[in-house]
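Remarks on the overall topology
Below are the chains, spelled out letter by letter.
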Amino acid sequence: MDSKNYHEDLSHIRSMMERSSRFISLSGLSGVFAGLAAIAGAVYVYFVFQREGIDYFDGDRNIYNPSLVRELVIIGTLILFVAVLSGYFFTANKSRKQGLKIWDATTKRLLLTFSVPLITGGVVCLGLLYHHLFPLIAPATLIFYGLALVNAERYTLTDVKYLGYCQIILGLLSLFFLGWGLVAWTLGFGFLHIVYGLIMHKKYK
């Protein structure tokens, strides 16, 4: 009986330490909705290219006029906004159910470690945009996002690093198939997010 209580106490202590050092309320459903938003955005972008008479799969032979670039930036911003909003909604809802705070010292550390590679990647993408190196933007977003996920793993669910590795590999591969960047972007931000989200929802619900 004493041995059973001892193991239960150890389990409880381990759980408390895990909660204090890691943000474990991340919702799998947020990944699913982020993925759906990315796919919807990618499909819309494809039809935008069709409207403009652009064959995206020509890669670096395509020419983008300033108005099209602005439209693409707006679409990307909207996708990001929907993804962040859905992530906050589902994660906050899960936190309330578990009786955990969504904003604490661990959350701040998570956001810091996540944002450094992400902001760096954002600046790199702005540079690529400025120099009209459009085919490199999709691979760059995948690579830096993957690095951000791997970097943030120490303060959240360990499984998130596997999603990060997949994003990095996909981004590196897409560097050699520049005309397929939109497809790689759809796979990475769309389908990989959905698969990861469903797995996490089932594992940690």
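These remarks concern the structure in this document.

Calculation criteria
Residues numbered from 1 in each chain as written. Predicted model: local features only at pLDDT ≥ 70, side-chain atom pairs only at ≥ 80, totals over all residues. Heavy atoms only, no water. Helix = DSSP H or I, 4+ residues; strand = E, 2+ residues; numbered from the N terminus. Buried < 20%, exposed > 50% of the residue type's maximum accessible area, 1.4 Å probe, protein only. Contact = heavy atoms within 4.5 Å. Patch = residues over 30% accessible without salt bridge, like charges linked within 9 Å, V, L, I, M, F, W, Y side chains within 5 Å. Areas by Shrake-Rupley, 256 points an atom, 1.4 Å probe, with all protein chains shown as cover. Salt bridge = Lys/Arg side-chain N within 4 Å of Asp/Glu carboxyl O. Phe/Tyr/Trp six-rings, centres within 6.5 Å; stacked < 30°, edge-to-face > 60°. Core = buried A, V, L, I, M, F, W, Y, C linked by side-chain atoms within 4.5 Å.

A few words now on the environment of Gly-146. Its place among the elements puts Gly-146 in helix H5 (residues 137–152). Given a relative accessible area of 0%, Gly-146 falls into the buried group. Residues Gly-146 and Lys-161, 15 residues apart in the sequence, show an inter-C-alpha distance of 8.1 Å. Filtering out sequence-adjacent residues up to four positions away, Gly-146 remains in contact with Gly-164, Gln-167 and Ile-168.

Time to look at a nonpolar patch on the surface. A cluster of nonpolar side chains, contributed by Leu-172, Leu-175, Phe-176, Phe-177, Trp-180, Val-183, Leu-187 and Phe-191, occupies part of the molecular surface with about 820 Å² of accessible area. Here Val-183 lies in helix H7 (residues 181–204).

Each aromatic ring pair is described using two quantities: the centre-to-centre distance and the angle formed by the ring planes. Under the defined criterion, the tally for this structure stands at five aromatic pairs. Ring geometry for Tyr-145 and Phe-189: centres 5.1 Å apart, planes at 35°, overall tilted. Taken as a pair, Tyr-145 in helix H5 and Phe-189 in helix H7 lie far apart in primary sequence, 44 residues in all. Take Tyr-145: its relative accessible area is 14%, and that puts it in the buried class. Consider the rings of Tyr-162 and Tyr-165, whose centres lie 6.4 Å apart with planes at 70°: the pair is edge-to-face. You can see Tyr-162 and its partner Tyr-165 sitting in helix H6 (residues 160–174), three residues apart, about one turn around the helix.

In a soluble, globular protein the nonpolar side chains are often hidden away together inside. One finds Phe-49, Trp-185 and Phe-189 to be the most contacted residues of the largest nonpolar core, which totals 23 residues. Contributing elements (two or more residues each) for this core: helix H2 (28–51), helix H3 (66–98), H5, H6 and H7. Aside from chain neighbours lying at most four places away, what touches Phe-189 is Ala-34, Gly-35, Ala-38, Thr-141, Leu-142, Tyr-145 and Gln-167.

Bringing the environment of Tyr-165 into the picture now. Looking at Tyr-165, the relative accessible area reads 39%, which means it is partly exposed. For Tyr-165 and Gly-146, which are 19 residues apart along the polypeptide, the C-alpha to C-alpha distance reads 6.1 Å.

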